[in-house]
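Chain residues, written in single-letter form:
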Amino acid sequence: MKRKAGVLLFWLLFWQTAAWYIHRPVFLVGPWETLLALGRLACRAEFWRAVFASLYRIGTGFFLAFLAGLVFGGLAYVRTFFRDLLRPVILLMKTVPVASFVILALLWTGAEQMTLVISFFVVFPMIYLNTLAGLQAADPQLLEMAQVFHIRPLPKLWQIYRPALAPFLSGACRMALGMSWKSGIAAEVIGTPNHSIGERLYMAKIFFDTDELFAWTAVVVLLSFLFEKAVLAFLNRVGICEGEGGARKGKPKNRIG
């Protein structure tokens, strides 16, 4: 804990020193100016409206992609034909630049729903591929024993497949949670939906409000961090993901990014 605090203090001092050295607030403001700007923003109702609107859109996109990835990953594991059918779609979702898909989503769904669609687009392949890999990593001897003793599907799913799947989902979620925020906010900056963090970032850039630009960026970082902690804690509690401590125990397992 002391080491983390020391590292954080070092980079805050580095940031403040760089701001003093450059001495051009239009290019770089320090942490103190950013904190003051954040305090001003937090006193406005529009600030909280934008925060909760972006949190709702990105969070909804993530959870829909998470559930769809689990379902379609399970179907691909059970049916090889379904896996082959989805392979070009997953390849397309992994390789098409997010900026290109943002423009298409803006045309297809409009600015208000675009953030949700982009978050789904980015998260789904990660969850799908890691779900499939986790199920394929289940111990074949345990599966053979379950078949010999005629264990029912639900107990077999929970006692055999879930432990094999958990580390893969943990790695996928840690990456997908951060990417959902990065891609979602980038989509909002391009589409500028009303009452969104992306819109506020865009307006700060237009008017050269560098302190507000840094303040909104700090808000995104904080929201992404808290959202990741909350989601991972929930998934760990229900038993389908490993906690940070659990991920370190035992032999490391490969995860697909």
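Residues numbered from 1 in each chain as written. Predicted model: local features only at pLDDT ≥ 70, side-chain atom pairs only at ≥ 80, totals over all residues. Heavy atoms only, no water.

Draft legend 1. Fine view of the overall build of the chain. In terms of regular secondary structure, the chain is built from 11 helices and 0 strands. Counted from the first residue to the last, the chain has its helices and strands arranged as α-α-α-α-α-α-α-α-α-α-α. The principal-axis extents of the C-alpha atoms in the chain amount to approximately 75 × 50 × 30 Å. Long-range pairs, those at least 24 residues apart, make up 75% of the contacts in the chain between residues at least 6 apart in sequence. As displayed, the chain has an accessible area near 15,500 Å², and 70% of this comes from carbon and sulfur atoms. Considering the chain, the positive charge centre built from 26 side chains and the negative charge centre built from 14 side chains are found 9 Å apart. (Helix = DSSP H or I, 4+ residues; strand = E, 2+ residues; numbered from the N terminus. Contact = heavy atoms within 4.5 Å. Areas by Shrake-Rupley, 256 points an atom, 1.4 Å probe, with all protein chains shown as cover. Lys, Arg positive; Asp, Glu negative; His and termini not counted. Charge placed at Lys NZ, Arg CZ, Asp CG, Glu CD.)

Draft legend 2. Fine view of the nonpolar core. Formed by 49 residues in total, the largest nonpolar core has its most connected members in Phe62, Ile118, Tyr128, Cys173, Ile197 and Trp216. Here this core gets 11 residues from one element, more than from any other, and that element is helix H6 (residues 111-136). Those residues in contact with Ile197 that lie beyond four places of it in its chain are Ala50, Val51, Ser54, Ile185, Glu188, Trp216, Val219, Val220 and Leu223. (Core = buried A, V, L, I, M, F, W, Y, C linked by side-chain atoms within 4.5 Å. Buried < 20%, exposed > 50% of the residue type's maximum accessible area, 1.4 Å probe, protein only.)

Draft legend 3. Molecular detail of a nonpolar patch on the surface. Together, Tyr21, Ile22, Val26, Phe27 and Phe208 give the surface a local cluster of nonpolar side chains, amounting to about 630 Å² of exposed area. Checked against the element boundaries, Tyr21 lands in helix H1 (residues 2-22). Judged by relative accessible area, which is 75%, Tyr21 ranks as exposed. (Patch = residues over 30% accessible without salt bridge, like charges linked within 9 Å, V, L, I, M, F, W, Y side chains within 5 Å. Salt bridge = Lys/Arg side-chain N within 4 Å of Asp/Glu carboxyl O.)

Draft legend 4. Up close: the pattern of salt bridges. Applying the stated criterion across every chain, the model contains 5 salt bridges. Here Asp211 ties to Arg40 by a salt bridge, and the two come within 2.8 Å at their closest N and O atoms. Here Asp211, found in helix H10 (residues 210-238), pairs with Arg40, found in helix H2 (residues 31-42); they are 171 residues apart in sequence, far enough to count as distant. Assessed through its relative accessible area of 21%, Asp211 is described here as partly exposed. Overall, the relative accessible area of 39% leaves Arg40 in the partly exposed class. Salt-bridge contacts for Glu212 lead to Arg44; the nearest nitrogen and oxygen are separated by 3.7 Å. Note that Glu212 is positioned in helix H10 and Arg44 in the loop between H2 and helix H3 (45-78), a separation of 168 residues in sequence. Connected through salt bridges with shared partners, the residues Arg57, Glu112 and Glu188 form a single ionic network.

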